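Structure assessment
The lines below spell out each chain.
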Amino acid sequence: MAEYEQPANALDALDALDALRQSIRAGRLLPGERLPAEDKLAARYRTSVPTLQRALSELVAEGLIDRRHGVGTFVRTPRRRVMRSNDRHQWEKDRARRSTAERLRTGSTEHDTGLEVTDLAFHAEYREAKADDDLASVFHIPVGTRLLERIYRTNCRAEDAPFALVHSYLVHDVVAENPDLLHAANEPWPGGTQNQLYTIGIELDRVEERITARPPTVEEAETLGLKKGVAVIVLRKICTDIGDRVVEVSDVTLCGDRTELVFTTPLTSW
């Protein structure tokens, strides 16, 4: 049975909030544990139900508890963290020419999360797009050039929100050399984008990543399961081939509360 702080006197909303917060942070209330009904919890903390409800609303906003309509209130189980480092691109390139069986064993999401393929649910959507001013400038192509837009969402099967929202863009006429690259039904593709490009003779030379942060849109917050006050990390990935041609541009929206970006830069010896 969970242990709770037992107040000596009646509590206001801030006191009740702090008492509940401390019980969660101290481990007296465990992840996934269901809290008692609001009237019982209010009696335990010697406060009113409306005061208790205000405290619970604050804990929901802080990401410490979840309220499930018709089910109850639970201590939130921390979501799987993602550690994204800049060595992932060389790791993917090293695998691009390996056998299908080896490429099927793991992908970049597994690399970043430590999960197995069977732990993940993968969703891909393909559609045609036209290069706007922004993408045309990055690709060095005319505005209106036909693109293939690929939208990816991957989540841990034990969770209901994806790790990130990914919009990847390829020049349609370039990837059309391999018709298999035009259909979402072939996803998840063993070996990822670098193997897809390899099938049409493209080798990447470098990957540039530009990172900013901002508040999420309403749609992003809902899709990613973000709590109030949590920012998103926006990463633009620009892939350039050995002929100095930009061949892929990806806009990746990551969760600020469960993403760690790790960049290691080797330094030349004196």
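One structure accompanies this document, and this report is about it. (Residues numbered from 1 in each chain as written. Predicted model: local features only at pLDDT ≥ 70, side-chain atom pairs only at ≥ 80, totals over all residues. Heavy atoms only, no water.)

1. Some points on the overall build of the protein
- Secondary structure summary: the protein contains 10 helices and 10 strands in total.
- For 270 residues, the compact-globule estimate of 2.2 N^0.38 gives 18 Å, and the C-alpha radius of gyration of the protein, at 23 Å, exceeds that figure by more than 25%.
- Judged by the C-alpha coordinates and their principal axes, the protein covers about 75 × 50 × 40 Å.
- Burial analysis of the protein (270 residues in total) assigns 44% to the buried set.
- Contacts in the protein between residues far apart in sequence, at least 24 positions, make up 63% of those at least 6 positions apart.
- Accessible area of the protein: about 15000 Å², with a carbon and sulfur share of 50%.
- Positive and negative side-chain charges in the protein, numbering 37 and 44 respectively, have mean positions lying 3 Å apart. (Helix = DSSP H or I, 4+ residues; strand = E, 2+ residues; numbered from the N terminus. Rg over C-alpha atoms; globule rule 2.2 N^0.38 Å. Buried < 20%, exposed > 50% of the residue type's maximum accessible area, 1.4 Å probe, protein only. Contact = heavy atoms within 4.5 Å. Areas by Shrake-Rupley, 256 points an atom, 1.4 Å probe, with all protein chains shown as cover. Lys, Arg positive; Asp, Glu negative; His and termini not counted. Charge placed at Lys NZ, Arg CZ, Asp CG, Glu CD.)

2. Section: the sheet that holds strand 4 (residues 120-130)
- Strand order in this open sheet of six strands is 4-5-6-9-8-7, and the pairing throughout is antiparallel. Strand pairing shows two members of the sheet lacking a second neighbour, strand 4 and strand 7 (204-214), which therefore form its edges. Sheet twist, expressed as the mean angle between neighbouring strand axes with direction ignored, is 15°.
- Bridge count for strand 4 against strand 5 (residues 146-156) is 11 bridges, and the pairing is antiparallel. Its bridge partner lying in strand 5, Leu-120 is registered against Cys-156. (Pairing = 2+ DSSP bridges. Axes fitted to C-alpha atoms, helices over the stretch in contact; angles between N-to-C directions.)

3. Some remarks on the nonpolar core
- Counting 20 residues, the largest nonpolar core has Val-175, Leu-197, Ile-200, Val-247, Val-252 and Leu-254 as the members making the most contacts within it.
- Counting residues in each nonpolar core, the second largest holds 17 residues, with Ala-19, Tyr-45, Ala-55 and Leu-56 among its members. (Core = buried A, V, L, I, M, F, W, Y, C linked by side-chain atoms within 4.5 Å.)

4. Quick notes on the environment of Gly-192
- Considering the arrangement of structural elements, one finds Gly-192 in helix 9 (residues 192-198).
- Judged by relative accessible area, Gly-192 falls into the partly exposed class, the value being 22%.
- For the pair Gly-192 and Arg-67, spaced 125 residues apart in the sequence, the C-alpha separation amounts to 37 Å.

5. A closer look at the packing of aromatic side chains
- Applying the stated criterion across every chain yields a total of one aromatic pair.
- Ring geometry for Phe-122 against Tyr-152: centres 5.7 Å apart, planes inclined by 40°, an arrangement best described as tilted. Within this pair, whereas Phe-122 is found in strand 4, its partner Tyr-152 is found in strand 5, the two being separated by 30 residues in sequence.
- Across the ring face of Phe-74, the terminal group of Arg-68 is positioned such that the distance to the ring centre comes to 4.0 Å.
- One cation-aromatic arrangement involves Arg-95 over Trp-91; the distance from NZ or CZ to the ring centre is 4.6 Å. (Phe/Tyr/Trp six-rings, centres within 6.5 Å; stacked < 30°, edge-to-face > 60°. Lys NZ or Arg CZ within 6 Å of the ring centre and 35° of its normal.)

6. Looking at the side chain of Arg-95
- Among the secondary structure elements, Arg-95 is positioned in helix 4 (residues 88-95).
- Buried and unpaired, Arg-95 has Glu-102 as its nearest opposite-charge partner, separated by 6.1 Å.
- Those residues in contact with Arg-95 that lie beyond four places of it in its chain are Glu-102, Arg-103, Thr-106 and Gly-191. (Salt bridge = Lys/Arg side-chain N within 4 Å of Asp/Glu carboxyl O.)

7. Details of the environment of Pro-31
- Among the secondary structure elements, Pro-31 is positioned in the loop between helix 1 (13-25) and helix 2 (38-44).
- Separated by 66 residues in the primary sequence, Pro-31 and Arg-97 have C-alpha atoms spaced 43 Å apart.
- Leaving out residues up to four positions away in the same chain, Pro-31 has contacts with Val-75, Arg-76, Thr-77 and Pro-78.

8. What to know about the pattern of salt bridges
- Tallied over the full model, the rule gives 23 salt bridges.
- Put simply, Arg-146 and Asp-173 hold a salt bridge, and the shortest N to O gap is 3.6 Å. Pair noted here: Arg-146 is in strand 5 and Asp-173 is in helix 8 (residues 172-175), with a separation of 27 residues, a long-range link.
- Given a relative accessible area of 32%, Arg-146 falls into the partly exposed group.
- A salt bridge links Asp-205 to Arg-206; its shortest N-O distance comes to 3.0 Å.
- Classification of Asp-205 as partly exposed rests on a relative accessible area of 46%.

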